[in-house]
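# Tertiary structure, described
Here's the letter readout for the chains.
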Amino acid sequence: MDDRYRGINMAILILLILLTAGTAQAQIQFVEVTQSSGIYHADETWGAGAWGDVNGDDWPDLWTNNHTKPGSLYVNQQNGTFVDEIATRIPNYVKNDEHGAAWADFDRDGDQDLIVLVGASQGKGSEPNHLFVNNGGIMTDDPYTYGLDYPLSRGRTPLWFDANNDGLLDVLTTAWKRLDAMSDVFINNGVSFQPILTSIGIQQFPSLYAQLADLTGDGILDLVVYSENFPQSVWDYAQSPPVEVQGAINMPTTSFVQDSVFADFNNDLLTDYYVSRGPGGYGAKCVDVMNSNELRLTVLPAGNEEGASFVTSGVLSLDMSAQYFTPMDFYIGSQGIHPITRPVVLDPADPNVVGIKPHTPGVDYGVYMGYDPYSNMWTVTATFPNLNKAQFRIDSTAPISSFQAIGFHESLGHDDQLMLKSISGQFIQVPLAGVRSRSVVAGDFDNDMDVDLYVVQSRGCINQPNVLLENDGTGTFTPVPAAGGAQGATLGIGDHVSTVDFDRDGFLDLYVTNGDAYPVFAQEASAQLFRNTGNANHWLEIDLKGGLSNIDGIGTQVFVTAGGVTQVRAMDGGMHRFTQNHSRLHFGLGANAVADTVEIHWPNGKIQTFTGVPADRLYKVDQAL
């Protein structure tokens, strides 16, 4: 069995057996097209990019921030391939500490602009956000003119929405903890943006991302904010000033949440949600052996010492990554010799590797490694006075055994949660034993008129197979064997996923990133593009163009009825943690070649209804004035 299955909770295997008994095999199949597509990035990632349309040709393009490396702007060539055109599309681009991004036409000029939030060097420096203003497919970075530079903010994920329903898109810039600049809502006055939270009596708050969903049931999308718990708050923007309503809507607070998605999972037209609660992210510690000869280790010391011991008789090749770390901080053997090459080669026959240099754990700064020739045991530990992360890959010419964590216990995360909203207004939890994910998306991947789920799984030092959950239409999910071909990479560390129909064939595809790590792991595997091979089922896709409402139609709800089943999709901008799905609305229609009705509920209360709508087409709907 593939070694990446090590450490998976056995419950997921039991769940698969129980749920697939007597069930026909799912008609969902993906094929990886990364190499042929031209999209390639094997390094650190921060989310799964942002899908938009830079050149107005109605084909999805992809921005990837690449975190510590310059970003990429992959332009769709309409033939299954992409070309990185960042140099010509954004000629004044300068790399910053880039995090989440989101496309929207904030200036109502007919082309999509892009905001990219910046982390201000972990909140220790000052860097402006990017605001790439689009003019006919050429973008200029101009956050200062529009008041969105916010240089002290530890920016995380933006969210475009019309906070005051004036037809102009405003933006929430979520930001992590820093007393002088946290999350804020910037109101668009048609010329520039102004922060408003303090002026309306709401204290700025730390947050990682926010989403839109109709949780109050009034037909208006509410603002859901995530911080250290999910949700941190739920704001009803139908009222002015907005009102916090989490308690009023009986939405429980959930801890250890990594990501979330809102959808109607049982076709009752009520908003349900799913939360990812697996290990992953900055704090995921881990030690494991892969392929018997490779030890992988992630530690996160903060005033203490963490590491691992292991037994092998072979010669070692060690590579590692840590922030603010130099070879002079690496001490080998009792004499504390510093390495001069990378990777570091350590031969047990070399007397210089024997013993550990004396040090004070949690006070001294560095990595200490040594060998005990009597037991064939190696020890490697990292000690940092302040929080820092270190990752190690150690290859041996002989098998590795008896590995043991030092100074930490690995967290395997917590089971994900599916919450279905009942008619009474209560959220009912559906057990999902053994599914512990880092990122989640929802979509009707087989076009059978219900919303399925796809989750990215990972641990802090070794990747895990991703999971595809097929919906039977009632909110009951069955794991699809091998995730329908989209299990993901063996190497790297699974980060996030986004959805897009990149080839416009009516079936949702997946873009998965594998760089939730420092380069020692992140550079092992590229991000992956999985194409949905489809089936005979029908579909509709809808782009919205607001008139009196905002031009992107954010906040709109669309109801499609076919074959006696009514489905709802919300134009929520496609946002989840650090990531933007393509915001085009997608409906599977099953065997129905015609949608009986398409009903569009715009944010300003206007409703447009279309009847007898032929399937298997992309429709662009302008709001009637």
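Not measured: the values here are computed from a predicted model.

The secondary structure content of the protein amounts to 6 helices and 49 strands. Each principal axis of the C-alpha atoms in the protein carries an extent, and together these give about 80 × 60 × 50 Å. Buried residues in the protein amount to 61% of all 625 residues. The long-range fraction of contacts in the protein, counting pairs at least 24 apart against all pairs at least 6 apart in sequence, stands at 60%. Of the roughly 22,600 Å² of accessible surface on the protein, a fraction of 54% belongs to carbon and sulfur atoms. Counting 31 positive and 73 negative side-chain charges, the protein places the averaged centre of each group 4 Å from the other.

Attention shifts here to unusual backbone geometry. For residues other than glycine, phi is negative in most cases, and the peptide bonds are mostly trans. Looking along the chain, the bond that leaves F230 and enters P231 is cis, with omega of -10 degrees. Cis geometry is adopted by the peptide bond preceding P241, which originates at S240 and carries an omega value of 0 degrees. Residue placement: P241 occurs in the loop between β17 (233-236) and β18 (243-244). With a phi angle near 50 degrees, S402 is a residue other than glycine that sits in the positive phi range. Summarising the element assignment, S402 is placed in strand β31 (residues 401-406).

A word on the nonpolar core. Counting residues in each nonpolar core, the largest one holds 53 residues, and the members touching the most others are W160, F161, V185, L223, L544, V558 and V598. In terms of nonpolar packing, the next biggest core, distinct from the first, is built from 29 residues, A308, F325, V353 and V367 among them.

Assigned domains within the protein: domain 1 (30-282 + 412-532), domain 2 (286-406) and domain 3 (538-622). Averaged C-alpha coordinates put domain 1 and domain 2 at centres separated by 36 Å. Taken together, the contacts link 17 residues of domain 1 with 21 residues of domain 2. When the two sides are added together, the surface that domain 1 and domain 2 hide from each other amounts to roughly 1,700 Å², 55% of it contributed by carbon and sulfur. Taken together, domain 1 and domain 2 are joined by 3 salt bridges. E524 is the partner of R393 in a salt bridge, and the nearest nitrogen-oxygen pair spans 3.0 Å. Ranked by residues supplied to the side of domain 1 that touches domain 2, first place goes to helix α6 (residues 519-522) with 3 residues. Considering only residue class, the side of domain 1 that touches domain 2 consists of 9 nonpolar, 5 polar and 3 charged.

Tallied over the full model, the rule gives 24 aromatic pairs. Measuring from centroid to centroid gives 5.1 Å for F106 and Y146, while their planes differ by 85 degrees, and the two rings are edge-to-face. With a gap of 40 residues between them, F106 in the loop between β6 (98-104) and β7 (113-118) and Y146 in helix α5 (residues 143-146) connect regions that are remote in the sequence. For the pair shown, F106 and Y146 are each scored as buried. Aromatic side chains Y365 and F384 sit 4.8 Å apart centroid to centroid with 45 degrees between the ring planes, which places their arrangement in the tilted category. On the criterion of sequence distance, the pair formed by Y365 in the loop between β27 (344-346) and β28 (366-372) and F384 in strand β29 (residues 377-384) is long-range, its members being 19 residues apart. Accessibility expressed as a relative area gives 0% for F384, which makes it buried. The ring of Y518 has K389 lying over it, and the distance from NZ or CZ to the ring centre is 5.7 Å.

Spatially, 4 strands are ordered β14-β15-β17-β18 in an open sheet, and the strand pairing comes out antiparallel. Only two strands of the sheet have a single partner each, and these edge strands are β14 (209-213) and β18. Of the pairings in the sheet, the one linking β17 to β18 comprises 2 bridges and is antiparallel in character. Along β18, the bridge assignment pairs W235 with E244.

So, about the state of the cysteines. One way to say it: the disulfide is the covalent bond shared by the sulfur atoms of two cysteines. Under the defined criterion, the tally for this structure stands at 1 disulfide. Between the sulfur atoms of C286 and its disulfide mate C461 the distance is 2.0 Å. Note that C286 is positioned in strand β22 (residues 286-290) and C461 in the loop between β35 (452-456) and β36 (467-471), a separation of 175 residues in sequence. A relative accessible area of 0% places C461 in the buried class.

Here the focus is the sheet that holds β22. Taking strand neighbours across the sheet as the criterion, the 5 strands line up as β22-β23-β30-β25-β27 in an open arrangement whose pairing is antiparallel. Of all the strands in the sheet, the pair left with one neighbour each is β22 and β27. Looking at each pair of strands side by side, their axes are set apart by 20 degrees on average, direction ignored. Strand direction decides the pairing type here: strand β25 (residues 316-322) and strand β30 (residues 390-396), joined by 7 bridges, are antiparallel. Opposite M320, over in β30, you have F392 as the bridge partner.

What follows concerns the pattern of salt bridges. Within the structure shown, the criterion is met by 20 salt bridges. With a shortest N-O distance of 3.6 Å, E98 and K95 are connected by a salt bridge. Here K95 falls in the partly exposed class, since its relative accessible area comes to 26%. The salt bridge partner of D395 is R393, with a shortest N-O separation of 3.8 Å.

Pairing of strand β42 (residues 557-562) with strand β43 (residues 565-570), which is carried by 6 bridges, proceeds in the antiparallel orientation. Considered in β43, the bridge of V560 is made with Q567.

It is worth spelling out the environment of D415 at this point. With respect to the helices and strands, D415 occurs in the loop between β31 and β32 (417-421). Setting aside residues up to four positions removed in sequence, D415 forms contacts with R277, L432, A433, G434, V435 and R436. Side-chain polar atoms of D415 contact the backbone nitrogen of G434, separated by 3.2 Å.

Another point: the environment of S276. Within the fold, S276 resides in strand β21 (residues 272-276). Accessibility expressed as a relative area gives 0% for S276, which makes it buried. Leaving out residues up to four positions away in the same chain, S276 has contacts with F256, V257, Q258, D259, D416, S437, R438, S439 and V440. Only 2.7 Å separates the side chain of S276 from the side chain of S437, close enough to count as a polar contact.

Rules used throughout
Counting starts from 1 at the beginning of each chain's written sequence and moves along it residue by residue. In keeping with the predicted nature of the model, local features appear solely for residues at pLDDT of at least 70, side-chain atom pairs appear and are counted solely at 80 or more, and the whole-chain, interface and lining totals rest on all residues. Only heavy atoms go into the side-chain values, all of them from the structure, while hydrogens and water stay out. Secondary structure is summarised from DSSP: a helix means a run of H or I of at least four residues, a strand means a run of E of at least two, and numbering begins at the N terminus for each. The buried label applies to any residue whose accessible area, calculated with a 1.4 Å probe on protein chains only, is under 20% of its type's maximum; exposed applies above 50%, and partly exposed to all values in between. Contacts were defined at the residue level, with two residues in contact if any of their heavy atoms lie within 4.5 Å. The protein chains shown are the only cover counted for residues, whose accessible areas, like all others here, come from Shrake-Rupley with a 1.4 Å probe. A residue counts as positive if it is Lys or Arg and as negative if it is Asp or Glu; His and the chain ends are not included. Where a charge sits is defined by one atom per residue type, namely NZ (Lys), CZ (Arg), CG (Asp) or CD (Glu). Here, the term nonpolar core denotes a set of buried Ala, Val, Leu, Ile, Met, Phe, Trp, Tyr and Cys residues that are joined through side-chain atoms within 4.5 Å. Domain start and stop positions are those given by an automatic or database domain assignment. What gets called buried area is simply the loss in accessible area from a 1.4 Å probe that two parts show on being joined, summed for both. Basic side-chain nitrogens of Lys or Arg form a salt bridge, by our definition, when they fall within 4 Å of a carboxyl oxygen of Asp or Glu. Classification used: nonpolar for Ala, Val, Leu, Ile, Met, Phe, Trp, Tyr, Cys and Pro, charged for Asp, Glu, Lys and Arg, polar for all others including Gly. Stacked, edge-to-face and tilted are the three classes for Phe, Tyr and Trp ring pairs, Trp counted by its six-membered ring, which pair at centre distances within 6.5 Å; planes under 30 degrees apart are stacked, over 60 edge-to-face, the rest tilted. Consider the ring centre and the ring normal. A charge sits over the ring if Lys NZ or Arg CZ is within 6 Å of that centre and within 35 degrees of that normal. Here the rule is simple: two strands pair whenever DSSP picks up at least two bridges between them. We call a pair of cysteine sulfur atoms a disulfide whenever their separation is within 2.5 Å. Helix axes are fitted to C-alpha atoms over the stretch in contact, other axes to C-alpha atoms as well, and angles between N-to-C directions run from 0 to 180 degrees. We define a polar contact as two N or O atoms separated by no more than 3.5 Å, with the added condition that, inside protein, one atom must be a possible hydrogen donor and the other a possible acceptor, whereas residues neighbouring each other in sequence contribute only through side-chain atom pairs.

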